[in-house]
Amino acid sequence: MKKIIVGVTGASGACYAKRLVEVLSTQVEMHLVHSRTAPLVFHEELGVNLSGWLKEHKVKVHGISDFLSPLASGSNQFDAYVLIPCSMKTLSQVAHGVGETLLTRIADIALKERRKMIMVAREAPYSTVHLENMLRISQMGGIIFPASPGFYHRPQTVEDLVDFVVSRVIQLLGLPQELIKPWMSEN
Ligand SMILES: Cc1cc2nc3c(=O)[nH]c(=O)nc-3n(C[C@H](O)[C@H](O)[C@H](O)COP(=O)(O)O)c2cc1C
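Residues numbered from 1 in each chain as written. Predicted model: local features only at pLDDT ≥ 70, side-chain atom pairs only at ≥ 80, totals over all residues. Heavy atoms only, no water.

(A) Summary view of the site of the ligand. Near the ligand you find 14 residues, and of these Gly10, Ser35, Ser87, Thr90 and Arg122 are the closest. Contact between the ligand and Ser12: a nitrogen atom at 3.0 Å from a main-chain N or O atom of the residue. Measuring from an oxygen atom of the ligand, one finds a backbone N or O atom of Met88 at 2.8 Å. For the ligand, whose accessible area on its own is 640 Å², the fraction buried by protein is 70%. Going through the elements one at a time, helix H2 (38–46) and helix H4 (88–95) are the ones with two or more residues in the shell around the ligand. Ranked by the residues each element gives to the shell around the ligand, the list is headed by H4, at three residues. (Near = heavy atom within 4 Å. Polar contact = N/O pair within 3.5 Å; in protein donor to acceptor, adjacent residues only side chain to side chain. Areas by Shrake-Rupley, 256 points an atom, 1.4 Å probe, with all protein chains shown as cover. Helix = DSSP H or I, 4+ residues; strand = E, 2+ residues; numbered from the N terminus.)

So, in structure tokens, the structure goes:
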């Protein structure tokens, strides 16, 4: 079973994190750490109490300042780290190696240990600083995934748009997904 760490920040797009946890937590060993701002955005955008909601799922939650967590050391293996949604603040800290919280420390580990890291970045428009930070992370091996769905699957609902992004993240993790049919596939 793959060990996947999910990092949730206070960018807009709480729906992406919520859907990823719903779909993936039964398929993988899932660990999660969220920033101090993430609960605020969950409440504002979804009316959901993040901590209470997480208790209903098969997820091991780690505290944002818990440097005694096994996740704080590169000596513990994991298969991938997904930051979803990822704020420009967190992206900036990661681009510059600031491991101030467990959330950014895990990103630091992913980069130094050359492990898969996917950042579902959300802001519009991007400033030059945002773009430069994304380039830095991409050059270091991180995958920048803009939180922007495609429309070629003819979405009918907001949920269809969310599923587009989440399905592509799951594919990047090398896991099967049944949310969205690949383009021109027969099944
Ligand atoms: C409702 C709401 C939506 C936000 N959306 C974004 C966003 O899309 N992108 C972003 O970079 N920051 C956004 N912010 C601001 C971040 O929450 C803020 O910069 C915070 O310091 C990020 O910290 P974190 O990365 O530790 O969660 C939003 C804040 C709120 C309250």
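(B) Fine view of the pairing of strand S4 (residues 80–86). Counting buried residues along S4, seven of its seven residues qualify, which places the element largely inside the surrounding structure. Side chains of S4 alternate between two faces, with Ala80, Val82, Ile84 and Cys86 and Tyr81, Leu83 and Pro85 buried alike. When strand S1 (residues 3–8) meets S4, the two strands line up parallel, connected through four bridges. Looking across to S4, one finds that Ile5 is bridged to Tyr81. Looking at chain direction, S4 and strand S5 (residues 116–121) are connected through five bridges and run parallel. Residue pairing across strands places Val82 opposite Ile118, the latter belonging to S5. (Buried < 20%, exposed > 50% of the residue type's maximum accessible area, 1.4 Å probe, protein only. Pairing = 2+ DSSP bridges.)

(C) Summary view of the pattern of salt bridges. Summed over the entire model, instances satisfying the criterion amount to six salt bridges. In this structure, the salt-bridge partner of Asp163 is Arg19, at a minimum N-O distance of 2.6 Å. Placement of the pair is Asp163 in helix H7 (residues 158–172) and Arg19 in helix H1 (residues 14–24), with a sequence separation of 144 residues. Residue class for Asp163 comes out buried when judged on its relative accessible area of 10%. Given a relative accessible area of 26%, Arg19 falls into the partly exposed group. As a salt-bridge pair, Arg115 and Glu113 come within 4.0 Å of each other at their nearest N and O atoms. Look at Arg115 and you get buried, because its relative accessible area is 11%. Note on Glu113: relative accessible area 33%, which makes it partly exposed. Through salt bridges with shared partners, a single ionic network connects Lys18, Arg19, Glu22 and Asp163. (Salt bridge = Lys/Arg side-chain N within 4 Å of Asp/Glu carboxyl O.)

(D) Broad picture of the layout of surface pockets. The space that makes up the largest pocket amounts to roughly 170 Å³. Lining the largest pocket are Cys15, Lys18, Arg19, Glu22, Leu46, Val158, Glu159, Val162 and Asp163. The set of elements that each furnish at least two residues to the lining of the largest pocket consists of H1 and H7. Taken together, the residues that form the lining of the largest pocket break down as four nonpolar, no polar and five charged. (1 Å grid on protein atoms, 1.4 Å probe; cavity = no way out; pocket = protein on both sides within 12 Å on 5 of 7 lines; lining within 4 Å. Points joined across faces, edges and corners; volume = space filled by probe spheres on them. Nonpolar A, V, L, I, M, F, W, Y, C, P; charged D, E, K, R; others polar.)

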